Amino acid sequence: MNCIAHRGFCGVNPENTVPAVEDAASRADAVEVDVRICGSGDLVVCHDETVDRTTDGSGPVSAHTAAELAALSVEGSGAGVPTFEEVVEAIPDGVTLHAELKERGTGEGVERLVAGTGCDTVVSSFDPEAVSEVEGLPTAIAVWEGEGAVERATELGCSFLHANLDACTSDLAERAHDAGLGVNGWTVRESGETDALREAGVDGVMTDFPEYCPSED
């Protein structure tokens, strides 16, 4: 099973920052980040609609320019909210970048920034419309429940299904694999959850903590 560092191993790093991505890339198969559009029109990496929870700033991401976001401190680390381009540049060869689209209108920009970089990228979203914007990269639909998930992913032309832990049953994994889909489970925060995903037969584990990465098969 692959290990995917959720928000750059946000359990031990300031989430969605360049230092987090660099650390995670040194010990995981893949790194997952969240993509939004800021006030200057740039793609930036931030999970929430606002910067209140994770930084010393306040207000919507959309109300800040990329420069203003870079000047903030994420979780007291001194690292700012990065642009998506900075994150792409921090991904080394051999590590996959998982870019979760948090809003529509971001897919084309993600494809444009990744093009020509050689960065192996999978684009995901909970929003089918956002997934549909992406044409030239592998995609995944993120789901909370397993019912209808394989059919939805297939209709969207996805390569992967990103499923909540509770939805990651052996039945879901089998049906997804039969449909040609890879399955990644989220979000692991306890060691037993990794074991359960392994037993279910999923392909990847999204986790906040490096110690819960699956051991090599």
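Residues numbered from 1 in each chain as written. Predicted model: local features only at pLDDT ≥ 70, side-chain atom pairs only at ≥ 80, totals over all residues. Heavy atoms only, no water.

Engineer: Sorry if this is basic, but what is going on with the overall build of the protein here?
Structural biologist: In terms of helices and strands, the protein carries eight helices and nine strands. Whereas a compact globule of 217 residues would reach a radius of gyration of roughly 17 Å, the protein reaches 16 Å, a difference of no more than 12%. Considering only C-alpha atoms, the protein reaches an extent of 45 × 35 × 30 Å along its principal axes. For the protein, the residues scored as buried account for 53% of the 217 residues in total. (Helix = DSSP H or I, 4+ residues; strand = E, 2+ residues; numbered from the N terminus. Rg over C-alpha atoms; globule rule 2.2 N^0.38 Å. Buried < 20%, exposed > 50% of the residue type's maximum accessible area, 1.4 Å probe, protein only.)

Engineer: Could you clarify how one ought to interpret helix α7 (residues 170-178) in this entry?
Structural biologist: The α-helix winds at 3.6 residues per turn, so residues separated by three or four positions along the chain end up facing the same way. Among all positions in α7, only Leu172, Ala173 and Ala176 are buried. In a view along the axis of α7, the buried residues occupy a sector of 95 degrees, so they form one face of it. Among the exposed residues of α7, those pointing more than 90 degrees away from its buried face are Glu174 and Asp178. Tucked inside the fold, the buried residues of α7 contact α6 (149-155), β7 (160-164), β8 (182-188) and α8 (191-200). With its phi angle positive at about 85 degrees, glycine 180 sits one or two positions after the end of α7. (Arc of directions from axis to C-beta. Contact = heavy atoms within 4.5 Å.)

Engineer: What's the story with a negative patch on the surface in this structure? I'm lost.
Structural biologist: Judged by side-chain charge, Asp42, Glu85, Glu86 and Glu89 come together as a negatively charged surface patch. Among the structural elements, glutamate 89 can be located in helix α3 (residues 84-90). (Patch = residues over 30% accessible without salt bridge, like charges linked within 9 Å, V, L, I, M, F, W, Y side chains within 5 Å. Areas by Shrake-Rupley, 256 points an atom, 1.4 Å probe, with all protein chains shown as cover. Salt bridge = Lys/Arg side-chain N within 4 Å of Asp/Glu carboxyl O. Lys, Arg positive; Asp, Glu negative; His and termini not counted. Charge placed at Lys NZ, Arg CZ, Asp CG, Glu CD.)

Engineer: Is there a simple way to think about the nonpolar core in this case?
Structural biologist: If you look at soluble globular proteins, the nonpolar side chains tend to sit buried side by side. With 29 residues, the main nonpolar core has Val31, Phe84, Leu97 and Val110 as its most contacted residues. Listed by contribution, the elements that provide at least two residues to this core are β1 (2-6), α1 (18-25), β2 (30-37), β3 (43-45), α3, β4 (96-101) and α4 (107-114). Not counting the four nearest positions on each side in its chain, valine 110 is found in contact with Val35, Leu43, Phe84, Ala99, Leu101, Val123 and Leu137. Counting 22 residues, the second-largest nonpolar core is a separate cluster that includes Val131, Leu172, Val183 and Leu197. (Core = buried A, V, L, I, M, F, W, Y, C linked by side-chain atoms within 4.5 Å.)

Engineer: Explanation requested: the pattern of salt bridges in the structure shown.
Structural biologist: If the charged atoms of two oppositely charged side chains come close together, the side chains can form a pair. Summed over the entire model, instances satisfying the criterion amount to ten salt bridges. For the salt bridge of arginine 189 with aspartate 208, the shortest nitrogen-to-oxygen distance reads 2.7 Å. Here the residue arginine 189 occupies a position in the loop between β8 and α8, and aspartate 208 occupies one in the segment after β9 (204-207), the gap between them amounting to 19 residues. A relative accessible area of 45% places arginine 189 in the partly exposed class. A single network of salt bridges, built from pairs that share partners, joins Arg7, Glu15, Asp34, Asp48 and Arg53.

Engineer: Just checking my understanding: could you explain the environment of glycine 185 for this structure?
Structural biologist: Locating glycine 185 in the fold gives a position in strand β8. Setting aside anything within four residues of it in sequence, one finds glycine 185 in contact with Ala163, Leu165, Cys168, Leu197, Gly204, Val205 and Met206.

Engineer: What is the right way to look at the state of the cysteines in this model?
Structural biologist: Linking two cysteines covalently through their sulfur atoms gives a disulfide. All told, the structure shown has one disulfide when counted by the stated rule. A sulfur-sulfur separation of 1.9 Å characterises the disulfide bridge that pairs cysteine 3 with cysteine 213. On the criterion of sequence distance, the pair formed by cysteine 3 in strand β1 and cysteine 213 in the segment after β9 is long-range, its members being 210 residues apart. For cysteine 38, which is in no disulfide, the shortest distance to another cysteine sulfur is to cysteine 46 and amounts to 10 Å. (Disulfide = S-S within 2.5 Å.)

Engineer: Whenever I open this one, α4 confuses me. Can you help?
Structural biologist: When we look at burial in α4, the residues that qualify are Gly107, Gly109, Val110, Glu111 and Val114. On its buried face, α4 is in contact with β2, β3, α3, β4 and β5 (121-125). Remark: glycine 116 follows α4 within two positions and exhibits a positive phi of approximately 80 degrees.

Engineer: What am I meant to see in the side chain of asparagine 16 here?
Structural biologist: Positionally, asparagine 16 belongs in the loop between β1 and α1. At 3.1 Å, the side chain of asparagine 16 forms a polar contact with the side chain of aspartate 34. The contact partners of asparagine 16, leaving out residues within four places of it in the chain, are Arg7, Glu32, Val33, Asp34, Val45, Cys46, His47 and Pro82. (Polar contact = N/O pair within 3.5 Å; in protein donor to acceptor, adjacent residues only side chain to side chain.)

Engineer: In this structure, what is going on with the packing of aromatic side chains? I would like to understand it.
Structural biologist: Centre-to-centre distance and the angle between the planes together describe a pair of aromatic rings. Counted by the stated rule, this structure contains four aromatic pairs. With a centroid separation of 6.3 Å and an interplanar angle of 25 degrees, the aromatic rings of phenylalanine 126 and tryptophan 144 are classed as stacked. One end of the pair, phenylalanine 126, is in the loop between β5 and α5 (128-132); the other, tryptophan 144, is in the loop between β6 (139-143) and α6, and 18 residues separate them in sequence. In this structure tryptophan 144 comes out as exposed when scored by relative accessible area, which is 56%. Aromatic pair tryptophan 144 and tryptophan 186: ring centres 4.8 Å apart, planes at 80 degrees, arrangement edge-to-face. (Phe/Tyr/Trp six-rings, centres within 6.5 Å; stacked < 30°, edge-to-face > 60°.)

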